[in-house]
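Spelled out, the chains give:
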Amino acid sequence: MSSAPHIPVLLEEVLTALAPAPGECHVDATFGAGGYTRAILATGAAVIAFDRDPDAIANGRALEEEAALTLVPATFSALESELAARDAVPVDGVTMDIGVSSMQLDQAQRGFSFQSDGPLDMRMSQEGMSAADFLNEAEEEQIADVLYRYGEEPKSRRIARAVVAARPLTTTAQFANVVRKALGHRPHDKKDPATRAFQAVRIHINGELDELTQGLEAAERVLKPGGRLAIVTFHSLEDRIVKRFLRDRSGAAPGGSRHMPVTAAEREPTFEITARAIRAGEAELAANPRARSATLRTARRTGAAPWRLEA
Ligand SMILES: C[S@@+](CC[C@H](N)C(=O)[O-])C[C@H]1O[C@@H](n2cnc3c(N)ncnc32)[C@H](O)[C@@H]1O
């Protein structure tokens, strides 16, 4: 294992939003290298931390031995049932730092990166359908759809056609080259077009946008009145989901949302937005370029009942 340590993004700002205190219990829904968890533990609060990546959980076991930490090897869409099973509802804070960790990106064999060649994998949980399974088996139209929706790739059809023609794809370099060739990319072009395609396939393979929506809805159900929510996202598709959720749930959206229609009686605000979107400052960007695309949104739970979800 050779990877740069993951530097926690917007750590101070997340801590300020969560305001953990001794005796409280906070959920770190994305344990990763434990950067947020360690900082929360240092305040005297207990932490229940989730990660769907068995490597992240295995690396955290030593910390669990010595601190008020419980590790949960699960996706955060299962937040509510996993907390209920541990008799841990309600909690004082929930934080999510969405996306991949530096460890995942830097290990070629995980297949998240085209900077170093590796198997076309991209599964955070290390189980289920891999990127290779998807790209080699899906219909051309479905591949185009994923590239368009999750990569905002305008030439998605052209890439999908090239992928199907080049099958079977087995490595990240192979996939990146197919994308570059399909788009006529030159080596010194500023942005590698494979970036968008990799993001799209990764989001699809890991069901990332559905996870986020379900995680936010679960947070609403497990936070106690006055409980704090802090969500860090890394691209506009994710941030849009968080922004809409908080806008709806704070009563800022007239008439509920298109996605979650509710009746008037159920529309009492469940969150108060506690700050505008927060971005990393110059000093953090200088130390950690990965922070450039991060956005933090924060809110406080009200005493209102959670919104009933449409079946
Ligand atoms: C950006 S890293 C978190 C880094 C962490 N805040 C730190 O300071 O070390 C994201 C982590 O969340 C995990 N993850 C992403 N989506 C998840 C989900 N839906 N459920 C559980 N874990 C998830 C990934 O496996 C990864 O380890």
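Peer 1: An account of the site of the ligand is needed here, citing residue identities and associated values.
Peer 2: The environment of the ligand is formed by 24 residues, the closest being Ala33, Asp51, Asp97, Gln104 and Glu211. The contact in question runs from an oxygen atom of the ligand to an N or O atom on the backbone of Gly35, over 3.1 Å. Between the ligand and Asp51 there is a distance of 2.7 Å, counted from an oxygen atom to a side-chain nitrogen or oxygen.

Peer 1: Got a sec to walk through the sheet that holds strand S2 (residues 46-50)? Specific residues and values, please.
Peer 2: The pairing of strands in a sheet happens through backbone hydrogen bonds and is either parallel or antiparallel. Ordered in space as S3-S2-S1-S4-S5-S7-S6, the seven strands form an open sheet in which the pairing is mixed. The sheet is open, and its two edges are formed by strand S3 (69-72) and strand S6 (271-273), each paired on a single side. Along the sheet, successive strands turn relative to each other by an average axial angle of 20°, direction set aside. Direction of pairing for strand S1 (residues 25-28) relative to strand S4 (residues 91-97): parallel, over a ladder of three bridges. Within the sheet, the bridge partner assigned to Asp28 lies in S4 and is Thr95. Against the sheet, helix H1 (residues 11-18) touches S1, S4, strand S5 (223-233) and strand S7 (295-301), its axis set at about 165° to S5. This element, helix H11 (residues 208-222), spans S4, S5, S6 and S7 of the sheet and lies at about 160° to S5.

Peer 1: Got a sec to walk through the packing of aromatic side chains? Specific residues and values, please.
Peer 2: Scanning the entire structure with this criterion turns up three aromatic pairs. Counting every residue linked through ring pairs, the aromatic cluster contains Phe114, Phe175 and Phe198. We note Arg301 situated over the ring of Phe271; from NZ or CZ to the ring centre the distance is 5.9 Å.

Reading guide: rules and limits
- Residues numbered from 1 in each chain as written.
- Predicted model: local features only at pLDDT ≥ 70, side-chain atom pairs only at ≥ 80, totals over all residues.
- Heavy atoms only, no water.
- Near = heavy atom within 4 Å.
- Polar contact = N/O pair within 3.5 Å; in protein donor to acceptor, adjacent residues only side chain to side chain.
- Pairing = 2+ DSSP bridges.
- Helix = DSSP H or I, 4+ residues; strand = E, 2+ residues; numbered from the N terminus.
- Axes fitted to C-alpha atoms, helices over the stretch in contact; angles between N-to-C directions.
- Contact = heavy atoms within 4.5 Å.
- Phe/Tyr/Trp six-rings, centres within 6.5 Å; stacked < 30°, edge-to-face > 60°.
- Lys NZ or Arg CZ within 6 Å of the ring centre and 35° of its normal.

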